[in-house]
Amino acid sequence: MAVVAATALATPLLLGAAPHHGPSHGSGHSKHASKSASKEAVKLSRELVKNASARDAYRHLQQFQAIADSAGGHRAAGSLGHDASAAYVYRQLQRAGYQVSYQTFRFPYTETLAEKLGVVSPTPRDVTIKAMTYTPSTPVGGLTAGLVNVPVDDTSGCEASDYASANFTGKIALIKRGGCTFADKQAAAAEAGATGAVIYNNTEGLLSGTLGEAGAGKIPTGGVSQEEGQRLVADLAGGEVTVSFEVRQLQEERTTRNVIAETRGGKAANTVVLGAHLDSVTEGPGINDNGSGSAGLIEVALELAKSKSKPANKVRFAWWSAEENGLLGSEAYVAGLSEKQRQQIKLYLNFDMIASPNGVQFVYDGDDSDGVGAGPGPEGSAQLERDINKFLDGKGKKHEGTDFTGRSDYGPFIEVGIPSGGTFTGAEGIKTAAQARTYGGEAGVAYDPCYHAACDDLSNISLRHFDVNIDVIANAVGTYAHDLRSLTRPVKPVPSTGTPGSGGGLHDGHGHEVTE
């Protein structure tokens, strides 16, 4: 029934291209007007923080779980599970009185059909492997071939010369991560005659990667953990190794859609956007990734609708599709904005994985005060970070910075100069001992042990983290709905006291890494 509703409710995208109604950030307002805006912002933020709760938002997670259970176990973009999820969000916001629309777009759908790697000789064993997105497929049943190690340097497997020391024709190339994109590595291996590529991580954890785009794949390619890679290297040091290798992936063009909901009033010239991706991976229901962010936005949006406040600024909520395929939903949205519409958006806040069971309270490092990875976000991003940190400090909640790695839907907004920020509680990264002392949980274990897995279900949620981050959303909505002046107040950079978050690297989607 939900899928039928998804089709029936399709409407054109409304981007809120209203005329400019006044100066941004309150510039030129009288002191009285500024004081009034501040008062309304404080009042609304307190109300929303009080009324929005993880307990109430949990019912939306239950709906997402039920949808996944009835739709093959997942809610991936281009699937019935995502269509039903989008219809559910649409109905909730429409009933609450928002102006709601779909933005439909086409994209390359991928679904892994097989991912197997096994040592055949000298000592048989199974090796856990993840098919890279957009990989070509092996034949059904896979192939059996010799494994050949690519010499390790700073750019292992990136250049033709890396393959000159051995015969790779008809073999499986074993390549260490780093120095260039995975697409470049497998293409170079293919040029050397390899029939497949296995890329092993250069840090802890299983490697979940992508070749970047449809058509980039030359040979079947998968990723394995650092530990498994090093073990295979050790095996090869002792002599020849034969492996069985099967990676198969369905790839076809499909249609999916974002859900956009905005307040009917408020200045379009001062538009505040908050977003979360609604799609899961095909491996599981995606209750933390990213049912949590999606449900948090629904909860706060519904509480805003119940309030008697009439926001001075337009508040727009977005549930993106195809994030797991490379931020495609948010990219389509930003690409569809005119220059005027981009200028109307004064900030973007992103909430992706906000209830990780072994999580850490990460806040995006808008001013690059931690000096990790990417530089600072567009002007105003430092203020967004400061405002979130100030709120958490006021609640007595510990927090630390995380880099703008490009792993989630803030990426397209940053690219066009829109101030961005948000929170995150961790994915496949490993919790440190210091973090365990600060936040509880278990050191040496992933922030989300069920990341991109079938076990990312209702049992994979920290209600404590969920509640804290829903409060962050509520405070931001209440504040920026009335008062944007903090975006122009200077920030004194303060390095994070914790360990910066989610790891380095370039990504084309949440957790789908493309390079070192």
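Residues numbered from 1 in each chain as written. Predicted model: local features only at pLDDT ≥ 70, side-chain atom pairs only at ≥ 80, totals over all residues. Heavy atoms only, no water.

(A) Molecular detail of the overall build of the protein chain. Counting its secondary structure elements, the protein chain contains 13 helices and 16 strands. Burial statistics for the protein chain: of 516 residues in total, 59% are counted as buried. Taking as baseline every contact in the protein chain between residues at least 6 positions apart, the subset at least 24 positions apart corresponds to 82%. With the model as given, the accessible surface of the protein chain reaches about 19600 Å², and the carbon-plus-sulfur share is 51%. (Helix = DSSP H or I, 4+ residues; strand = E, 2+ residues; numbered from the N terminus. Buried < 20%, exposed > 50% of the residue type's maximum accessible area, 1.4 Å probe, protein only. Contact = heavy atoms within 4.5 Å. Areas by Shrake-Rupley, 256 points an atom, 1.4 Å probe, with all protein chains shown as cover.)

(B) Local environment of the packing of helix α7 (residues 287-306) against helix α13 (residues 463-480). The contact between α7 and α13 brings their axes to 9 Å, and the two run at 45°. On the basis of the axis angle, α7 is oblique to α13. Between α7 and α13 lies a crossing whose hand is right-handed. Listed contacts from α13 to Ser-292, Ala-295, Gly-296, Leu-297, Glu-299, Val-300 and Leu-304 of α7 are Phe-466, Ile-470, Ile-473, Ala-474 and Val-477. Taken together, the residues of the contact of α7 with α13 break down into nine nonpolar, two polar and one charged. (Axes fitted to C-alpha atoms, helices over the stretch in contact; angles between N-to-C directions. Parallel < 35°, antiparallel > 145°, perpendicular 65-115°, else oblique. Left-handed = near helix turned anticlockwise from the far one by under 90°. Nonpolar A, V, L, I, M, F, W, Y, C, P; charged D, E, K, R; others polar.)

(C) Spotlight on the environment of Leu-232. With respect to the element layout, Leu-232 can be found in helix α6 (residues 226-237). Using a relative accessible area of 2% as the deciding quantity, one classes Leu-232 as buried. Separated by 84 residues in the primary sequence, Leu-232 and Val-148 place their C-alpha atoms 9.7 Å from one another. Contacts of Leu-232, omitting those with residues within four sequence positions, involve Val-119, Arg-125, Leu-147 and Leu-174.

(D) Structural detail: helix α4 (residues 80-95). When the terminal C-alpha atoms of α4 are compared, their 22 Å separation across 16 residues agrees well with the 22 Å that a helix rising 1.5 Å per residue should span. Counting buried residues in α4 gives twelve out of 16 residues, a clear majority hidden from the surface. Three or more residues of α4 are buried, namely Gly-81, His-82, Asp-83, Ala-84, Ser-85, Ala-86, Ala-87, Tyr-88, Val-89, Tyr-90, Gln-92 and Leu-93. Just beyond α4, the residue with positive phi is Gly-97, at close to 100°. (Expected span 1.5 Å × (residues − 1).)

(E) Focus on the state of the cysteines. Tallied over the entire structure, the rule returns two disulfides. Between Cys-158 and Cys-180 runs a disulfide, and the two sulfur atoms are separated by 2.1 Å. Taking the sign of the S-S torsion, -95° for the link of Cys-158 and Cys-180, the bridge is left-handed. Of this pair, Cys-158 sits in the loop between β4 (143-149) and β5 (172-176) while Cys-180 sits in the loop between β5 and α5 (182-191); the two residues are 22 residues apart in sequence, bridging distant segments of the chain. Assigned by exposure class, Cys-158 and Cys-180 land together as buried. What pairs with Cys-450 in a disulfide is Cys-455, and their sulfur atoms sit 2.1 Å apart. Because the torsion about its S-S bond is -115°, the bridge between Cys-450 and Cys-455 counts as left-handed. The exposure class of Cys-450 is buried, given its relative accessible area of 12%. Assigning the bonded cysteines of the protein chain consecutive numbers by sequence position, one obtains the connectivity 1-2, 3-4. (Disulfide = S-S within 2.5 Å.)

(F) Spatial organisation of the pattern of salt bridges. The final tally for this structure, using the stated rule, is 13 salt bridges. Close ionic contact of Glu-246 with Arg-248 constitutes a salt bridge, the shortest N to O distance being 2.8 Å. The closest approach of N and O atoms between Glu-262 and Lys-314, which form a salt bridge, is 3.8 Å. Of this pair, Glu-262 sits in strand β8 (residues 242-262) while Lys-314 sits in strand β10 (residues 313-320), placing them 52 residues apart in sequence. For Lys-314, a relative accessible area of 6% puts it in the buried group. (Salt bridge = Lys/Arg side-chain N within 4 Å of Asp/Glu carboxyl O.)

(G) Main features of the layout of surface pockets. Counted as a void, the largest pocket has a volume near 580 Å³. Lining the largest pocket we find 22 residues, and of these Val-42, Ser-45, Lys-390, Asn-475 and Thr-479 sit closest to its centre. (1 Å grid on protein atoms, 1.4 Å probe; cavity = no way out; pocket = protein on both sides within 12 Å on 5 of 7 lines; lining within 4 Å. Points joined across faces, edges and corners; volume = space filled by probe spheres on them.)

(H) The arrangement of the nonpolar core in detail. Among the nonpolar cores identified, the biggest contains 59 residues, and Leu-274, Phe-317 and Trp-319 are the most heavily contacted of them. Sorting elements by how many residues they give to this core places α13 first, with nine residues. Discounting chain neighbours no more than four positions away, the residues touching Phe-317 are Tyr-98, Val-259, Ile-260, Ala-261, Leu-274, Leu-297, Ala-301, Leu-304 and Val-477. (Core = buried A, V, L, I, M, F, W, Y, C linked by side-chain atoms within 4.5 Å.)

(I) Examining α13 more closely. Across its 18 residues, α13 extends 26 Å between first and last C-alpha, which sits within 8% of the 26 Å expected from 1.5 Å per residue. A large share of α13 lies buried, amounting to 15 of its 18 residues.

(J) Spotlight on the pairing of strand β9 (residues 267-277). Counting buried positions over the eleven residues of β9 gives ten, a clear majority of the element. Pairing analysis gives eight bridges linking β9 to β10, with the strands arranged parallel. Note on β10: the bridge partner recorded for Gly-275 is Ala-318. In this fold, the crossover linking β9 to β10 by way of α7 has right-handed handedness. (Pairing = 2+ DSSP bridges. Right-handed = clockwise from strand over helix to strand, strands pointing away.)

(K) Molecular detail of the packing of aromatic side chains. Across all of its chains, the model carries 18 aromatic pairs by this definition. Aromatic pair Phe-107 and Tyr-109: ring centres 6.4 Å apart, planes at 80°, arrangement edge-to-face. With relative accessibility at 1%, the residue Phe-107 sits in the buried group. Where Phe-362 meets Phe-424, the ring centres are 5.9 Å apart and the plane angle is 25°; that geometry is what we call stacked. A residue pair is termed long-range when its members are at least 10 positions apart, and Phe-362 in strand β12 (residues 362-364) and Phe-424 in strand β14 (residues 420-424) qualify at 62 residues. Here Phe-424 falls in the buried class, since its relative accessible area comes to 3%. Clustering of aromatic rings is evident, with ring pairs tying together Phe-362, Tyr-364, Phe-404, Tyr-410, Phe-424 and Tyr-447. (Phe/Tyr/Trp six-rings, centres within 6.5 Å; stacked < 30°, edge-to-face > 60°.)

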